[in-house]
Amino acid sequence: MKNIPKLVFIILVLSILLMLKSSNEPFLFNSQFPIFNQFPIGNSIVLNISLGLFVSALFYYFTVFIPDYRKRKRKIIKNNYLNQYKHFKQNMISHFLSACETSYPSDLVDTLLDQKEFKRYFSLKATDSEDKWHVVLNKMDHELLEIMLLEFEAFKESTGYVLNNIEFNQPESFEFFHHFNKQIVLLKNITDDYDEIKSFSRFLWSLFAGWCWIEGYAEKDRFQEMIDSI
């Protein structure tokens, strides 16, 4: 299969040369280059066959090769973006855990990739008056906030690449990723001011715990669903 595009290219070039050589065009017929001199006999047959080969090769290129190439490219970009999304979540969860725990099991990060587990874990009481999520927010100083924003900025680049290199079949998924990137841009100037951290907290909780003000907690990862729809 890998050699088929090369074969199609050879057929295209060969068929063009044969069409030129068997053509009755005076300019080509009287050419000083021997390669363009007509065959002694059978020029009309060669012309018809080469024309058929040329059309067939073009038909294959536009109806089979290009769609297949786009499909493979889409799959590669999608799989890479899935990995980038997973790494982004792992890094962010590691920052959350480091802010509220002195130590934690190595497999806890992957466990908390699940939205329900994330919600359950960070809703646990850390003290009599605070759950683990509020501990994270209270520990979110300028340094930690800057690290998290850098994580978002790096993931924004991956999302931008997807937006620029994939033709979306569903406008909803395109709008979803475009809106996400817009939100990241708006985060750039956030400070560790209480009100801004509170707003940032809502955004984080919606992304990692699946919370929506309209529908409540989602059964599935909305971001994951949008990636799957690519």
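Let me begin by describing the structure that accompanies this report. (Residues numbered from 1 in each chain as written. Predicted model: local features only at pLDDT ≥ 70, side-chain atom pairs only at ≥ 80, totals over all residues. Heavy atoms only, no water.)

Turning next to the packing of aromatic side chains. Going through the model one piece at a time under the given rule, you end up with 34 aromatic pairs. Judged by centre distance (5.9 Å) and plane angle (35 degrees), the rings of Tyr85 and Phe155 are tilted. One end of the pair, Tyr85, is in helix 3 (residues 43-100); the other, Phe155, is in helix 7 (residues 142-165), and 70 residues separate them in sequence. Take Tyr85 and Phe155: they sit in the same class, and that class is buried. (Phe/Tyr/Trp six-rings, centres within 6.5 Å; stacked < 30°, edge-to-face > 60°. Helix = DSSP H or I, 4+ residues; strand = E, 2+ residues; numbered from the N terminus. Buried < 20%, exposed > 50% of the residue type's maximum accessible area, 1.4 Å probe, protein only.)

Taken together, the side chains of Phe9, Ile10, Val13 and Leu17 define a hydrophobic patch exposed on the protein surface, amounting to about 370 Å² of accessible area. Tracing the sequence through the fold places Ile10 in helix 1 (residues 4-22). (Patch = residues over 30% accessible without salt bridge, like charges linked within 9 Å, V, L, I, M, F, W, Y side chains within 5 Å. Areas by Shrake-Rupley, 256 points an atom, 1.4 Å probe, with all protein chains shown as cover. Salt bridge = Lys/Arg side-chain N within 4 Å of Asp/Glu carboxyl O.)

Tracing the backbone through its elements, the reader meets Glu143 in helix 7. Taking the C-alpha atoms as reference, Glu143 lies 73 Å from Asn48; in sequence the two are 95 residues apart.

Close approach of charged atoms lets side chains of opposite charge pair. Applying the stated criterion across every chain, the model contains 7 salt bridges. Between Asp68 and Arg72 there is a salt bridge; the shortest N-O distance is 3.0 Å. Here the residue Asp68 and the residue Arg72 both occupy positions in helix 3, the gap between them amounting to 4 residues, near one helical turn. Via salt bridges that share partners, Glu172, Arg222 and Glu225 belong to a single interconnected network.

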